[in-house]
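Residue strings, one per chain:
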Amino acid sequence: MLKKIQLAILLGWAAATGYGQSWVRINQLGYIENDVKVAVLVSKEFISCGQFSVMDAATHQAVFTSRQVQTFPAYAAFKQGFRLNFTAFKKPGRYYIKAGKVLSPVFEINTSIYDGTADFILRYMRQQRSKFNPFLNDSCHTSDGFIVYHKDQRKDSTRIDVAGGWHDASDYLQYLPTSANATFQMLFAYMMNPGSFGDAYDAGGKKGGNGIPDILDEARWGLEWMVKMNPGKEEYYNQIADDRDHRGMRLPNEDTVHYGAGMGLSRPVYFISGKPQGPKYQNRTRGVASSAGKFASAFALGAKILKGYDPAFAKQLAGKAKEAYAFGKKYPGNNQTIPFGAPYFYEEDNYVDDMELAALALYETDRQPGYLKEALDFARREPVTPWMGADTARHYQWYPFVNLGHYLGARQTADAKEYLSFMKTGIERVRQRGANNPFLMGVPFIWCSNNLTVALLTQISLYKEASGDHQYDELEAALRDWLFGCNPWGTSMICDLPEKGVAPKDPHSAFTHLHGHKISGGLVDGPIYGSIWDKLIGIKLYKPDVFAEFQSPLVIYHDDYGDYSSNEPTMDGTASLSYYLSKMQAAAHKSTKPLTDSEGAVIGLPGRKVYLIFSAHDKGEGGAYIHKVLNQYHVKASFFFTGDFLRTPGFRPLVLLLKKEGHYIAAHSDKHLLYNDWDRRDSLLVTKEQFKNDLEAAYKTLSGMGIKKGQWFLPPYEWYNKTIVQWAREMGLTVINFTPGTGTNADYTWPGQPNYKSSAQLLDRLKKVAEEKGLDGSILLIHYGTDERRKDKFYKQLGAIISLLRSEGYEPDRLPG
């Protein structure tokens, strides 16, 4: 038996291997070297596990042994479970886990495992396109559609051109709520991690780059359809087709379903009236704001992201975003999709989350402070998305499943702590619910549970980025690993990812069922409560259940075409993966070491924070203003002062206040000496003794003010060489300097100088760097005071700088230590 298992490992088989009635589940995609790494051992028997080993897949020798084992009681189909933590093992390679006689599938450890995954899921998005479908190289649903439920009854049954967009799932209905959310998610993913996306397809979805990242091509496909669904002021449409679509499986270009006499293949387009709709089963619509908010947020973020590619289209989107937001404020309440002959529809009951996100997305493009106030008012009305911590919910009752507005609010406003508390509370509720099972799974197994899992993953990731709080790292890893096979069934939940692993091969899709076409990249609905599955209409398995021994009354999952509840891919769920997968790719390749210049000084730090540093020697008129703005935006910064500055009575009180409030205070030398020649950098102008005595005098002054010597030292004039860096190191100091190219350090200049730069020019330059190169880990130097001949004080732009940084996904902060 053992030889057979080893043979399977040598061949790289990914199928879970059981010894008796026990299995080790792993993330089939693999693990990043420096991330959390946990496998889960589950058993249908009572067993013990006190230690385990990581085995080299080539030599079958143990390379790491650990007793980091947590034991859990019965869960799902298993009597026992164990979490096997091997986070401490970081060596790249191919391995498997051995726990007693139980062996896991082979997995990899390296930095590249998530490379290309965010682009991979776009395969499914392109395959879902309506009008022209690039996968089929054919058109479909080009006659959409005819109007239904218009407030002006004369327009009912009249034609409207809304062809385009995406089919919602493996049927061919199209919904504004899911499409708008998918569009926003993809735009957001690009905004946060632009370097994770390639350009291998054109705007039509055909192979061949067009100079635009593929994810923006896909998001624009959604935006152009949404513009059609909003042809005029206060004229919005929410849905194309209805459950009459469910009349047998066929490819979209072979769709012959008729929706009314004389309409041909034209499909109904449902007007947003703000009132209940449906001929047999009616929805519970009470307003328009849930859909209007989704229109507004996608339009607004589209305007921001696409401005550099198509200014005219971006301008159109910006105008439509404002109109949609105003429409939502005018008619608050939820808007639901329309059932026709069956009682199933998207039962969205909330709307303030959509309006919060819309307000904050509008603030991204139009810095009107009123949006921030209104967003916070909406946020306080639903601080936690209600499914978080709940045992169940109706279908899409609380949608979108993640409130990205809380993250945008945390990075854009002075109320970051409040927004972060909202995010943390939601995470904590789900954490507590899953704390007693070996997979840490606290997401309720309602229809589309995988979408909820992705939503919580996203919230944990964004909360960690915005707060710096890493307490949920293992929960994040557990949810991520669940999607790639560390679950009761040992299967990935994303079609063909990994392509050679255990992943959905028989999803509920006409593409695969009728023609054997892969639907690579699609996220399937996911595990569902047995109590729900038993009551669904039309469920039937078409082949023996390969996961039969892992099913339980609690939860089931089938890789079977007949199970539309657990194995049907969804367009919006797939799109929601784009942020997290792009983030994992970006994070894996992000340097963990500081960036240094040719002289050895640190000029950048790892991560997405941006570090604000201020220096002063004899000028300090900007101090009070800088202090006020930092307090207003709840930002900590770093200040480097000379001894002469610190001994000036008028400057000392504010320095002490900055220290009390938690800002970083350090030396900028004592007398602001020039250490080396401007033209011959290697030529020193001070001796080692002069350098040391000067610095010690500065630190003595700091010590007298109760300020301890820290790690960082900013040399006077920001000018130094290798020798100065080494002398500083011998004194326990790390030389730091501004990140080259950022340009804010030129704020010391005044009119008449050849290198003079106005504040507007400096701010524009910073914006350009942010857009073109990014500012990850940058150090921005701003002078605490400048020559009186400079009337245009750049520190007066501090609020605009902080807003810019947060709008680009960066959190301004003080230096660590």
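Residues numbered from 1 in each chain as written. Predicted model: local features only at pLDDT ≥ 70, side-chain atom pairs only at ≥ 80, totals over all residues. Heavy atoms only, no water.

With respect to the overall build of the protein chain
Now for step 1: Per the secondary structure count, the protein chain includes 23 helices and 27 strands.
Now for step 2: For 817 residues, the compact-globule estimate of 2.2 N^0.38 gives 28 Å, and the protein chain sits close to it at 29 Å.
Now for step 3: Along the longest, intermediate and shortest principal axes, the C-alpha atoms of the protein chain span 90 × 75 × 45 Å.
Now for step 4: Counting over 817 residues, the protein chain shows a buried share of 61%.
Now for step 5: At a minimum sequence separation of 6, the contacts of the protein chain that also span at least 24 residues come to 73%.
Now for step 6: Counting every atom, the protein chain has about 30600 Å² of accessible surface; 52% of that belongs to carbon and sulfur.
Now for step 7: Charged side chains in the protein chain number 95 positive and 88 negative. The centres of these two groups are separated by 3 Å. (Helix = DSSP H or I, 4+ residues; strand = E, 2+ residues; numbered from the N terminus. Rg over C-alpha atoms; globule rule 2.2 N^0.38 Å. Buried < 20%, exposed > 50% of the residue type's maximum accessible area, 1.4 Å probe, protein only. Contact = heavy atoms within 4.5 Å. Areas by Shrake-Rupley, 256 points an atom, 1.4 Å probe, with all protein chains shown as cover. Lys, Arg positive; Asp, Glu negative; His and termini not counted. Charge placed at Lys NZ, Arg CZ, Asp CG, Glu CD.)

Brief notes about the pairing of strand S8 (residues 93–99)
Now for step 1: Of the pairings in the sheet, the one linking strand S4 (residues 52–56) to S8 comprises four bridges and is antiparallel in character. Bridge pairing in S8 links valine 54 to isoleucine 97.
Now for step 2: Relative to strand S9 (residues 102–103), S8 runs antiparallel, the two sharing two bridges. Across the sheet, the residue bridging to alanine 99 is valine 102, located in S9.
Now for step 3: Between S8 and S9, which pair antiparallel in sequence order, lie two residues; one of them, glycine 100, sits at a positive phi of approximately 65°. (Pairing = 2+ DSSP bridges.)

Focus on the packing of helix H5 (residues 214–228) against helix H6 (residues 289–306)
Now for step 1: Orientation of H5 relative to H6, taken along the N-to-C sense of each, is 135°, at an axis distance of 11 Å. Between H5 and H6, the angle falls in the class oblique. As H5 packs across H6, the resulting crossing turns out to be left-handed. Contact with H5, carried on its side by Leu216, Arg220, Leu223, Met226 and Val227, involves Lys294, Phe295, Ala298, Phe299, Gly302, Ile305 and Leu306 of H6 and no other residues of that element.
Now for step 2: In terms of residue class, the contact of H5 with H6 is built from nine nonpolar, one polar and two charged. (Axes fitted to C-alpha atoms, helices over the stretch in contact; angles between N-to-C directions. Parallel < 35°, antiparallel > 145°, perpendicular 65-115°, else oblique. Left-handed = near helix turned anticlockwise from the far one by under 90°. Nonpolar A, V, L, I, M, F, W, Y, C, P; charged D, E, K, R; others polar.)

Examining the pairing of strand S5 (residues 62–66)
Now for step 1: Sheet topology note: the S4/S5 ladder contains four bridges and is antiparallel. Considered in S5, the bridge of phenylalanine 52 is made with serine 66.
Now for step 2: Linking two consecutive strands that pair antiparallel, namely S4 and S5, is a turn of five residues; a positive phi of about 60° is found at histidine 60 within it.

Regarding the sheet that holds strand S13 (residues 146–148)
Now for step 1: On the basis of which strands lie adjacent, the open sheet formed by four strands has the order S13-S16-S15-S14 and mixed pairing. The open sheet has two free edges, formed respectively by S13 and strand S14 (174–175), since each of these has just one partner strand.
Now for step 2: Note: strand S15 (residues 237–240) against strand S16 (residues 268–271), three bridges, orientation antiparallel. Bridge pairing links isoleucine 240 to valine 269 in S16.

Some points on the nonpolar core
Now for step 1: Counting residues in hydrophobic clusters, the biggest one holds 164 residues, and the most contacted among them are Phe188, Phe295, Tyr325, Trp387, Leu456 and Leu483.
Now for step 2: Leaving out residues up to four positions away in the same chain, tryptophan 387 has contacts with Trp398, Phe401, Val430, Val443, Pro444, Leu452, Ala455 and Leu456.
Now for step 3: Among the nonpolar cores identified, the runner-up in size contains 56 residues, and Ile626, Ala728, Ile782 and Ile801 belong to it. (Core = buried A, V, L, I, M, F, W, Y, C linked by side-chain atoms within 4.5 Å.)

Structural notes on the state of the cysteines
Now for step 1: Under the defined criterion, the tally for this structure stands at zero disulfides.
Now for step 2: There is no disulfide at cysteine 140, and the cysteine sulfur nearest it, in cysteine 495, is 19 Å away.
Now for step 3: Free cysteine cysteine 495: the closest other cysteine sulfur is in cysteine 448, separated by 14 Å. (Disulfide = S-S within 2.5 Å.)

Focus: the side chain of threonine 337
Now for step 1: Residue placement: threonine 337 occurs in the loop between helix H7 (311–330) and helix H8 (352–365).
Now for step 2: With sequence-adjacent residues up to four places away left out, threonine 337 is seen in contact with Tyr175, Pro177, Asn238, Gln239, Asn283, Phe345 and Tyr346.

Side note on the packing of helix H12 (residues 449–467) against helix H16 (residues 571–589)
Now for step 1: For the pair H12 and H16, interaxial distance at closest approach is 9 Å and the crossing angle is 30°. Viewed along their axes, H12 and H16 adopt a mutual orientation that is roughly parallel. Relative to H16, the crossing made by H12 is left-handed. Two secondary-structure elements touch here, H12 through Asn451, Val454, Leu457, Thr458, Ser461, Leu462, Lys464 and Glu465 and H16 through Asp572, Gly573, Ser576, Leu577, Tyr579, Tyr580 and Lys583.
Now for step 2: Residue composition of the contact of H12 with H16, by class: six nonpolar, five polar and four charged.

Quick notes on the packing of aromatic side chains
Now for step 1: Counting across every chain of the model gives 52 aromatic pairs.
Now for step 2: Relative to tryptophan 482, the ring of phenylalanine 445 lies with its centre 6.0 Å away and its plane at 20°, an arrangement referred to as stacked. In this pair, phenylalanine 445 is assigned in the loop between helix H11 (416–434) and H12 and tryptophan 482 in helix H13 (residues 473–483), connecting sequence segments 37 residues apart. With respect to class, phenylalanine 445 is no different from tryptophan 482; both count as buried.
Now for step 3: For lysine 540, the ring lying beneath its charged end belongs to tyrosine 542, and the centroid distance is 5.2 Å.
Now for step 4: Over the aromatic face of tryptophan 719 sits the side chain of arginine 681, whose NZ or CZ is 4.0 Å from the ring centroid. (Phe/Tyr/Trp six-rings, centres within 6.5 Å; stacked < 30°, edge-to-face > 60°. Lys NZ or Arg CZ within 6 Å of the ring centre and 35° of its normal.)

Describing unusual backbone geometry
Now for step 1: For the peptide bond that leads from tyrosine 399 to proline 400, omega is -5°, which places it in the cis range.
Now for step 2: Of note in this structure, glutamate 718 is not a glycine but carries a positive phi near 55°.
Now for step 3: Mapped onto the secondary structure, glutamate 718 falls in the loop between strand S24 (712–713) and helix H21 (722–730).

Purely geometric numbers; function is a separate question.
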